[in-house]
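For reference, the chains in residue letters:
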Amino acid sequence: MNFNWNIQKTLLTNQSSFQLNLEYASSCQSIAIFGPSGAGKTTLIKIIAGLMIPDAGSITIKNNVFFDDKQKINLKPQQRNLAYFFQTYSLFPHLTVQQNIAFSLKKGFLNPCKHRYNTEVSELLEQFELSNLAHQYPHELSGGQQQRVALARALITKPKLLLLDEPFSMLDYQLRQRLRVEVKYIQQQINCLLLIISHDPEDINFFADDVLSLKNGKMER
Ligand SMILES: Nc1ncnc2c1ncn2[C@@H]1O[C@H](COP(=O)(O)OP(=O)(O)OP(=O)(O)O)[C@@H](O)[C@H]1O
């Protein structure tokens, strides 16, 4: 199985409580999560990324156990070999576009892999139509440009699992179509699994081999 989880999580505020209760197993390469606002999509993706801990259950991605309450396994986010594209891009404000994308390859920049660094960053700058913005800072970019930098930054580490939360929401129709093709091409090149949250049915048709429909923290089939 590529994706296999059984997750229970309760989120409490002073006024309300939200319960996520999900069981899913699939050998698909790419899956989409679909559902209304507040259904629990971002909560699920944060739990898979290791940014939130389930109350109980287990998460196994491609035979790699990320979490298992019975076996007391809870891998740290950095041990999960994944990249997470956030809705808030969280670019480093003091780094240029090129430096933001290259950030995770910093070790390579300081050692003989410098050539690799240059080539990979240039390729991504080109694929995401950012070459002419390479030396600009995040505050000098539009929302859509920042979104593309964040996507490139997520992919440069060649993750085994790519988690995308509304990755194309700020892009115009044509750019959205071009970037879908680029992301899919890179996904195939690096052979990673993909989990995408999107409200756009075209994203879902383009990427997903299976769609999980969520409502009130539960799956609707
Ligand atoms: N840290 C938190 N503490 C308490 N409740 C939370 C917390 N984070 C999210 N929630 C609640 O959990 C529910 C699911 O939120 P979540 O962000 O997962 O929804 P979503 O499906 O991603 O929605 P959207 O499409 O609007 O982004 C919501 O009712 C939200 O208010």
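As shown above, the structure is provided for reference.
Described below are features of the structure shown in this document.

Conventions and cut-offs
- Residues numbered from 1 in each chain as written.
- Predicted model: local features only at pLDDT ≥ 70, side-chain atom pairs only at ≥ 80, totals over all residues.
- Pairing = 2+ DSSP bridges.
- Helix = DSSP H or I, 4+ residues; strand = E, 2+ residues; numbered from the N terminus.
- Contact = placed C-beta atoms within 7 Å.
- Axes fitted to C-alpha atoms, helices over the stretch in contact; angles between N-to-C directions.
- Buried ≥ 20, exposed ≤ 12 C-beta atoms within 10 Å, placed from the backbone.
- Expected span 1.5 Å × (residues − 1).
- Arc of directions from axis to C-beta.
- Core = buried A, V, L, I, M, F, W, Y, C linked by C-beta atoms within 7 Å.
- Near = placed C-beta within 6 Å.
- Nonpolar A, V, L, I, M, F, W, Y, C, P; charged D, E, K, R; others polar.

**Regarding the sheet that holds strand S2 (residues 17-26)**
- On the basis of which strands lie adjacent, the open sheet formed by five strands has the order S2-S1-S4-S5-S6 and antiparallel pairing. Edge positions in the sheet fall to S2 and strand S6 (73-74), since each has one partner strand and no second.
- Relative to strand S5 (residues 64-68), strand S4 (residues 56-61) runs antiparallel, the two being bridged by four bridges. Bridge assignment links Ile-59 to a residue of S5, and that residue is Phe-67.
- Against the sheet, helix H1 (residues 41-49) makes contact with strand S1 (3-12), S2 and S4, and its axis sits at roughly 115 degrees relative to S1, the strand it touches most.

**Quick word on the environment of Leu-125**
- By the secondary structure assignment, Leu-125 is in helix H4 (residues 114-127).
- In this structure Leu-125 comes out as buried when scored by C-beta crowding, with 21 C-beta atoms within 10 Å.
- Between the alpha carbons of Leu-125 and Leu-44 there is a distance of 30 Å; along the sequence they are 81 residues apart.
- Among all residues touching Leu-125, those that are not within four sequence positions of it are Gln-98, Ile-101, Leu-130, Ser-131 and Ala-134.

**Side note on helix H6 (residues 173-190)**
- The end-to-end C-alpha distance of H6 is 26 Å, a good match for the 26 Å that 18 residues give at a rise of 1.5 Å each.
- Within H6, the full set of buried residues consists of Leu-179, Val-183 and Ile-186. For H6, the arc enclosing every buried residue in end-on projection is 65 degrees, short of the 170-degree limit, so these residues lie on one face. Facing away from the buried side of H6, by more than 90 degrees, are the exposed residues Tyr-173, Gln-174, Val-181, Tyr-185 and Gln-188.
- As for H6, its buried residues are in contact with helix H5 (143-155).
- In the segment just after H6, Asn-191 is the residue with positive phi, at about 55 degrees.

**Here we look at the nonpolar core**
- Formed by 56 residues in total, the largest nonpolar core has its most connected members in Ile-101, Ala-152, Leu-163 and Leu-195.
- The element that contributes the greatest number of residues to this core is H5, accounting for six residues.

**Quick look at the site of the ligand**
- As a matter of local geometry, the ligand sits amid Leu-11, Thr-13, Phe-18, Gly-35, Ser-37, Gly-38, Ala-39, Gly-40, Lys-41, Thr-42 and Thr-43.
- Looking at the shell around the ligand, the element that brings in the most residues is H1, giving three residues.
- Counted by class, the shell around the ligand contains three nonpolar, seven polar and one charged residues.

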